[in-house]
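# Reading the structure
Each chain is listed here by its residues.
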Amino acid sequence: MTPVLETRRLMKSFGGIIATNDLSLSVTKGELHAIIGPNGAGKTTLITQLCGTQTPDSGSIRFKGRDITRMPAHRRARLGITRSFQITSLILEMSVLDNVALAVQARQGSSFDMIRPARSIKAIRDRAMALLARVGLQDKADMITRALSHGEHRHMEIAIALASEAELMLLDEPMAGLGHEESRAMVDLLKSIKGKHTIVLIEHDMDAVFALADRISVLVYGHIIATGAPAEIRGNKEVEAAYLGEESGGL
Amino acid sequence: MTRRTLLTLVTMGLLAVLPPVFYLTGNPFYLDLATRLTILAIAAVSLNLILGYGGLVSFGHAAYLGLGAYAVGIPAHHWLYGGLEGIGLNTTSGLVQIPLAVAVCALFALVTGAICLRTKGVYFIMITMAFAQMVYYAIVSIEEYGGDDGLVIDSRSELPGISLDDPLQLFALSYVGLVVAMGLVRMIVNSRFGMVLQGAKGNNERVVMLGLNTYAFRLTAYVVSGAIAGFAGALLGNFTTFISPEMMDWTRSGELMFMVILGGATTSAGPVLGAAAFILLEEALSSLTVYWHLPFGLLLIAVVLFGKGGLVGLLSRREGGK
């Protein structure tokens with residue numbers, strides 16, 4: 001079976017700094033593949049190359065066997081790759097429902113319609129409401145996005161990712177900045193969607209990673225030093241060395 | 001009905017009733033003022049589509065007013081003095097001139113927009129202004145159309161059933177044009193297309209990641225905006241019966257921007273109120289002193305600084321009070 005996502009010998013540098021170094025990764029269908037690594041290991045740079053906002057210097061990225069290395073971001077999104085952002089990236093001036101509805105209409109491919117009032121299209125509104133209900137935000141649908149808490153924004157990100165019905169979800173630190181309770185709610189939410197989508201999860205919260213991941217890849221200085229099931233990674237000496245002095249307590 | 005809808009209706013109601021009343025009671029000057037105001041309001045409404053809803057600060061919108069006016073003036077010029085018979089552009093028919101104005105401006109918007117929209121922020125402002133200045137200097141250099149002396153339009157556009165030589169009918173056409181332009185922009189803004197346009201203003205990267213090529217959406221809005229402004233330009237040519245490159249100077253573009261921001265961007269009534277306030281203040285202040293630009297400028301700064309949401313924000317808040 002071809003992997004959903006496969007990178008081969010990916011390289012990316014900014015000036016003299018090598019952010020991605022000979023990175024080869026393979027993600028199979030339906031798995032939740034976590035990518036961990038110390039700060040500055042190049043996790044977000046990897047995500048930006050996978051979703052297409054940056055192009056690698058060399059190497060290749062394949063999505064379901066198709067080479068997408070140089071495909072622009074919006075076309076990858078249409079192909080079935082979606083990402084959430086480490087720093088919450090929503091349209092703050094729009095209502096919560098409009099944010100999700102925009103993602104639903106984007107999925108439907110009807111966005112060039114200039115005639116019908118968008119808010120009167122029941123199919124889109126209903127679907128957006130259902131997604132908000134799924135992440136527990138149905139009561140806040142009509143609020144301006146800016147007014148919601150950080151934790152709620154993170155949940156909105158997931159609702160928007162779900163709206164795309166993307167086969168591959170790239171989640172960039174969905175727990176970032178969340179409190180303990182909020183993190184647990186997010187873990188529960190991710191558990192509920194796990195298996196239905198292929199997920200690449202970048203996360204610093206080790207409890208969450210080990211609770212959720214099917215496989216974990218460890219990224220150090222832009223290179224993957226180990227890939228395996230959570231139990232294998234936990235016992236890996238090399239991984240421990242990479243994390244020592246940084247977050248050794250976390251593992 | 002929301003306060004804002006009420007405000008829109010009141011504004012448009014007053015604009016429909018007052019000028020003809022002034023005219024019929026022997027004050028034709030105020031009808032002229034209202035016609036100019038209405039035509040500039042159309043241009044401001046079109047600018048609001050890209051500036052307000054699209055977040056694209058175009059500093060070259062006066063170019064469309066000028067191009068639209070020349071699309072009336074040039075065929076009229078050839079109708080009188082000959083030339084361009086081969087392509088049928090020696091005519092005073094409004095049914096040729098007005099579509100020509102719209103088409104020329106749409107095309108200009110498409111070509112320049114395709115380039116401008118590759119830039120953002122300050123660069124976008126500068127490059128839109130640069131293109132407008134290009135048109136300005138191009139017209140200045142064409143001797144046949146008067147260069148920087150301008151071009152007198154000897155005959156207004158001829159339309160079936162109405163005579164634009166009658167000030168009341170010219171006003172009526174402009175008013176209907178304004179209502180249609182407002183309706184069009186409102187329809188676009190509330191559509192799925194409009195959601196994408198406004199989403200891209202708030203967070204372009206997010207919308208791109210949803211699989212939407214926001215460049216194409218912005219370019220389309222840019223073309224629609226230019227086309228509407230071209231229509232306003234055709235009306236302006238008919239109103240002034242004289243056009244000069246000065247009409248598309250960058251300061252004119254700035255005035256259109258002021259109208260939108262002064263009235264309240266991203267609102268229906270905003271550009272109209274802004275145009276009204278601009279024209280009326282200009283008129284009132286310039287009758288008091290030749291140095292009217294100074295108090296005028298200070299007033300504009302005050303509204304922008306303290307009146308968040310422009311005149312619409314100011315008025316709907318005070319009336320609202322709930």
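Up top is the structure these notes are about.
Computed from a predicted structure; not experimentally measured.

Right, let's talk about the overall build of chain B for a bit. Counting its secondary structure elements, chain B contains 12 helices and four strands. Against the globule reference of 20 Å for 322 residues, chain B gives a C-alpha radius of gyration of 19 Å, in line with a compact fold. Counting only C-alpha atoms, chain B reaches 60 × 50 × 40 Å along its principal axes. The proportion of buried residues among the 322 residues of chain B is 51%. For chain B, restricting intrachain contacts to residue pairs at least 6 apart in sequence, the fraction spanning at least 24 positions comes to 77%.

What follows is about unusual backbone geometry. All names here are of chain A. Positive phi, normally seen in glycine, also occurs at D22, with a value near 50 degrees. Note on D22: 14 C-beta atoms within 10 Å, which makes it partly exposed. One non-glycine residue, K64, adopts positive backbone phi at about 50 degrees. Judged by the 16 C-beta atoms lying within 10 Å of it, K64 is partly exposed.

Below, the discussion takes up the interface of chain B and chain A. At the interface, 21 residues of chain B touch 29 residues of chain A. Mapped onto the side of chain B that touches chain A, the elements with two or more residues apiece are helix 6 (167-190) and helix 7 (192-209) of chain B. Residue contributions to the side of chain B that touches chain A peak at 13 residues, all from helix 7 of chain B. Of the residues in the side of chain B that touches chain A, the class split is nine nonpolar, nine polar and three charged.

The next thing to look at is the sheet that holds strand 3 (residues 32-36) of chain A. Residues and elements named next belong to chain A. The strand order 6-7-8-3-9-10 describes an open sheet built from six strands, whose pairing is mixed. Single-partner strands in this sheet number two, and they are strand 6 (81-84) and strand 10 (223-228). Going from strand to strand, the sheet's axes swing by 20 degrees on average, the running direction of each strand aside. Sheet topology places strand 6 next to strand 7 (residues 168-172); four bridges connect them, and they run parallel. Opposite R83, over in strand 7, you have L170 as the bridge partner.

If you look at the biggest cluster of nonpolar residues, it comprises 176 residues, and the most contacted ones within it are A:V100, A:A159 and B:C105. Top contributing element to this core by residue count: helix 2 (residues 28-53) of chain B, with 15 residues. Once residues within four sequence positions are removed from consideration, B:C105 is found in contact with B:Y64, B:L67, B:G68, B:G226, B:A227, B:A229 and B:G230.

Moving on: the pairing of strand 1 (residues 5-14) of chain A. Residues and elements named next belong to chain A. Bridging between strand 1 and strand 4 (residues 58-63) involves five bridges; their strand directions are antiparallel. If you follow R8 over to strand 4, its bridge partner there is S60. The hairpin formed by strand 1 and strand 2 (residues 17-27) contains two residues between the paired strands, and G15 there has a positive phi angle of roughly 60 degrees.

This part takes up the sheet that holds strand 1 of chain A. Residue and element names in this part refer to chain A. The antiparallel open sheet is built from four strands, whose spatial order is 2-1-4-5. At either margin of the open sheet sits one strand with a lone partner, and together these are strand 2 and strand 5 (66-67). Seen against the sheet, helix 1 (residues 43-51) touches strand 1, strand 2 and strand 4 and runs at an angle of roughly 60 degrees to strand 2.

Right, let's get into the packing of helix 2 of chain B against helix 6 of chain B. All names here are of chain B. Interaxial distance between helix 2 and helix 6 falls to 9 Å at its minimum, and their mutual angle equals 15 degrees. As far as their axial angle goes, helix 6 and helix 2 are roughly parallel. Remark: the crossing between helix 2 and helix 6 carries left-handed chirality. Tallied by class, the residues present in the contact of helix 2 with helix 6 amount to 20 nonpolar, six polar and one charged.

Rules used throughout
Residues numbered from 1 in each chain as written. Chains lettered and ligands numbered in written order. Predicted model: local features only at pLDDT ≥ 70, side-chain atom pairs only at ≥ 80, totals over all residues. Helix = DSSP H or I, 4+ residues; strand = E, 2+ residues; numbered from the N terminus. Rg over C-alpha atoms; globule rule 2.2 N^0.38 Å. Buried ≥ 20, exposed ≤ 12 C-beta atoms within 10 Å, placed from the backbone. Contact = placed C-beta atoms within 7 Å. Nonpolar A, V, L, I, M, F, W, Y, C, P; charged D, E, K, R; others polar. Pairing = 2+ DSSP bridges. Axes fitted to C-alpha atoms, helices over the stretch in contact; angles between N-to-C directions. Core = buried A, V, L, I, M, F, W, Y, C linked by C-beta atoms within 7 Å. Parallel < 35°, antiparallel > 145°, perpendicular 65-115°, else oblique. Left-handed = near helix turned anticlockwise from the far one by under 90°.

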